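# Overview (structure and organization)
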Number of protein chains: 2
Amino acid sequence: MRFTSERRFDDGVLEREFTLGEIPGILWTPGSASASAPVPLILLGHPPLGLRKMYPRLVDRARHSAAEGFATATIELPGSGDRPRLPAAERARADLRRALEAGEPVGDEIVDALVLPLVDEAVPEWQAALDVLLALPGIGGPVGYSGGVISIGIRLAVVEPRVVAAGLFAGSFVPRVMFEEARRVTVPLHVLLQWDDEGNDRQAALDLFDAFGSEEKSLHAHMGGHTGVPQYAGDAVVRFFTRHLM
Amino acid sequence: MRFTSERRFDDGVLEREFTLGEIPGILWTPGSASASAPVPLILLGHPPLGLRKMYPRLVDRARHSAAEGFATATIELPGSGDRPRLPAAERARADLRRALEAGEPVGDEIVDALVLPLVDEAVPEWQAALDVLLALPGIGGPVGYSGGVISIGIRLAVVEPRVVAAGLFAGSFVPRVMFEEARRVTVPLHVLLQWDDEGNDRQAALDLFDAFGSEEKSLHAHMGGHTGVPQYAGDAVVRFFTRHLM
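Keep in mind that this is a model prediction, so the values were computed, not measured. Residue numbers run consecutively from 1 along every chain, following the written order of its sequence. Here the convention is simple: chains get letters from A, ligands get numbers from 1, in the order in which they are written. Note on the predicted model: pLDDT of at least 70 is required for a residue's local features to be given, and 80 or more for side-chain atom pairs to be given and counted; whole-chain, interface and lining totals, by contrast, use all residues. For the side-chain quantities, the full set of heavy atoms in the structure was used; hydrogens and water were omitted.

A few words on the overall build of chain A. Helices and strands together make up the secondary structure of chain A, namely 7 helices and 9 strands. Computed over its C-alpha atoms, the radius of gyration of chain A comes to 17 Å, within 12% of the 18 Å expected for a compact globule of 246 residues. Reported as C-alpha extents along the three principal axes, the dimensions of chain A are approximately 55 × 40 × 30 Å. Counting across all 246 residues of chain A, residues that qualify as buried make up 54%. Taking contacts inside chain A between residues at least 6 apart in sequence as the whole, the part at least 24 apart equals 69%. Using a 1.4 Å probe, the Shrake-Rupley method yields the accessible areas, and only the shown protein chains count as cover for residues. Summed over all atoms, the accessible surface of chain A reaches about 10,500 Å², with 52% contributed by carbon and sulfur. Charge counting treats Lys and Arg as positive and Asp and Glu as negative, with His and both chain ends excluded. The atoms used to mark charge sites are NZ of Lys, CZ of Arg, CG of Asp and CD of Glu. Positive and negative side-chain charges of chain A, numbering 24 and 33 respectively, have mean locations separated by a distance of 3 Å. Only DSSP runs of H or I reaching four residues or more are called helices, and only runs of E reaching two or more are called strands; each is numbered from the N terminus. What the globule rule says is 2.2 Å times the number of residues to the power 0.38, and the radius of gyration is computed from C-alpha atoms. Using a 1.4 Å probe on the protein chains alone, a residue whose accessible area is under 20% of its type maximum counts as buried, one over 50% counts as exposed, and one in between counts as partly exposed. We call two residues contacting when some pair of their heavy atoms lies within 4.5 Å.

In structure tokens:
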């Protein structure tokens, strides 16, 4: 891991860009982090639109979490930003666009091709990032995963024992096979659903919530479209992590 | 309104039992209430099991709300506690018991007979209670309605302009006609749903949430049965009222 830039916000939060091999990432730590005991870490997920595009929303969430004592980190997804495209996912994305423009249902094979390679490639990268992030001074765990592509969150919650709680956003296409993985999730879950999400199948989101194996799981549905999650819903996610990571 | 007893808890909360005509009720005010500006009021709903039986849960909610600066009040429902039975509702309750014991579906006519007379009788009583409660020194409004029989909350939200926000519990039988009333609700709503509520139809609860006309409404589903609402879900209800009444 190599830090490539650093800046400090006036709330004391330290933002450091880094690269992990070819993967760019960002780490935010609270102003108090170096002075006091190691802080827990939240991995900030995001949709595959590129870190640069997602930065404004991510930095808001990071600073909000830092105010409650969390370090947060994120890395670029495979095929996004400046990283090499994933050809299969690119073809699936074109198929998806065609289906949506034609008003046709989005077939399982499109969803599988769009999401499964991304999950397969991304999850080991997030785990590798965890290895180096948790070795940094001031960052101690435990670890939560928050937001982004829900299938990545599901897989991480299943395979990565250091992730002890997850805040998931039921707002993206979910391959059928991920419903089976969802049954194997056991960590506490806080699931957000935008009730009128234009690109999301509400019933599928409810079925997915039902499928999770976790004993503690809660679903929080709010009005509005995909990007309309209200501020107070974000506050509740941070409180969820405070309950489980602090 | 006549106060019949008074006690002060060690957190400063003042509990006063009262009667309003033949209707018993309880008012809780924060320790700070008399000294400072008038506080908002939350009407605490409850199921028709009698105030005495519900007291432990109600006083917990009341003291929790008082800590955030709210007065809370509740009154006995028609047909409950020491109040005269409602013969139609009693017959419906017996029919309901028979249906449940026989494992039969609960017909619309049972639900209507169980709930609609209760709503028709209770809502004007809660409005009358509001008249006198808001006239007391130290209680200023605005007013929220929280929990209890959801159909009472729906009707109150529709007919009573002083109720500006409602926290509802999707955990009881809802007559079909109340779905139509739900469309006319416009105040902000915070709806709780127990995902595995043995006596509740989950799909009906989701349909009811969908029906509400409010621009701001959120659904919060938690694991467990009817009485298993987790503590943190109660905290979130108080925060909802803080956002809308403070």
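Moving on: the interface of chain A and chain B. Every contact between the two is made by 18 residues of chain A and, on the other side, 18 residues of chain B. By definition, the buried area sums, over both parts, the 1.4 Å-probe accessible area that each loses when the two are put together. For the chain A face of the interface with chain B, the top three residues by lost area are Trp195, Met223 and Tyr232 of chain A, together amounting to 31%. Salt bridges, as used here, are contacts in which a Lys or Arg side-chain nitrogen is within 4 Å of a carboxyl oxygen on Asp or Glu. Counting every contact that joins chain A to chain B gives 2 salt bridges. Per element, the largest residue contribution to the side of chain A that touches chain B is 6 residues, and it comes from strand S9 (residues 217-222) of chain A. Residue classes follow a fixed rule: Ala, Val, Leu, Ile, Met, Phe, Trp, Tyr, Cys and Pro count as nonpolar, while Asp, Glu, Lys and Arg count as charged, and any other residue, Gly among them, counts as polar. Tallied by class, the residues present in the side of chain A that touches chain B amount to 7 nonpolar, 4 polar and 7 charged. Relative to strand S9 (residues 217-222) of chain B, S9 of chain A is paired through 5 bridges, and the arrangement is antiparallel. Bridging across to S9 of chain B, Leu219 of chain A finds its partner in Ala221 of chain B. Each pair of strands is called paired provided DSSP finds at least two bridges between the two strands.

The copies are overlaid by a least-squares fit using only the C-alpha atoms of residues whose pLDDT is at least 70 in both copies. After a rotation of 180 degrees and a shift along the axis of 0.0 Å, chain A superposes on chain B with an RMSD of 0.0 Å. A rotation of that kind, with that shift, is consistent with a two-fold axis. When each C-alpha of chain A is compared by its distance to the rotation axis, His220 of chain A comes out closest, at 2.3 Å. Mapped onto chain B, 100% of the interface residues of chain A again fall at the interface, so both copies present the same surface.

Nonpolar side chains in soluble globular proteins tend to be buried together. In this structure, Ile152 of chain A together with Ile152 of chain B are the most contacted members of the largest nonpolar core, which totals 123 residues. Contact partners of Ile152 of chain B, with chain neighbours within four places excluded, come to Leu77, Leu118, Val119, Ala122, Val123, Trp126 and Tyr145 of chain B. We define a nonpolar core as any set of buried Ala, Val, Leu, Ile, Met, Phe, Trp, Tyr and Cys residues linked to one another through side-chain atoms lying within 4.5 Å.

A few words on the pairing of strand S3 (residues 23-29) of chain B. All names here are of chain B. Of all 7 residues that make up S3, 6 are buried, and the element is covered over most of its length. In sequence, strand S2 (residues 14-20) turns back onto S3 through a hairpin of 2 residues, with Gly21 there showing a positive phi of about 60 degrees. With 4 bridges connecting them, S3 and strand S5 (residues 71-75) associate as antiparallel partners. Bridging across to S5, Leu27 finds its partner in Ala73.

All right, on to the environment of Arg184 of chain A then. Of note, Arg184 of chain A is situated in the loop between helix H5 (176-183) and strand S8 (189-194). Taking the C-alpha atoms as reference points, Arg184 of chain A and Val158 of chain A, 26 residues apart in sequence, are found 6.3 Å from one another.

To continue, consider the pairing of strand S5 (residues 71-75) of chain A. Residues and elements named next belong to chain A. Across the 5 residues that make up S5, a large majority, 5, are buried. Every second residue of S5 is oriented toward a common face, with Ala71, Ala73 and Ile75 on one face and Thr72 and Thr74 on the other, all of them buried. Taken together, the 3 bridges between strand S4 (residues 39-45) and S5 define a ladder with parallel strand orientation. When the sheet's bridge partners are listed, Ile42 is paired in S5 with Thr72. When the strands point away from the viewer and the connection leading from the first strand across the helix to the second strand turns clockwise, the crossover is called right-handed. Read from S4 through helix H1 (residues 51-67) to S5, the crossover connection turns out right-handed.

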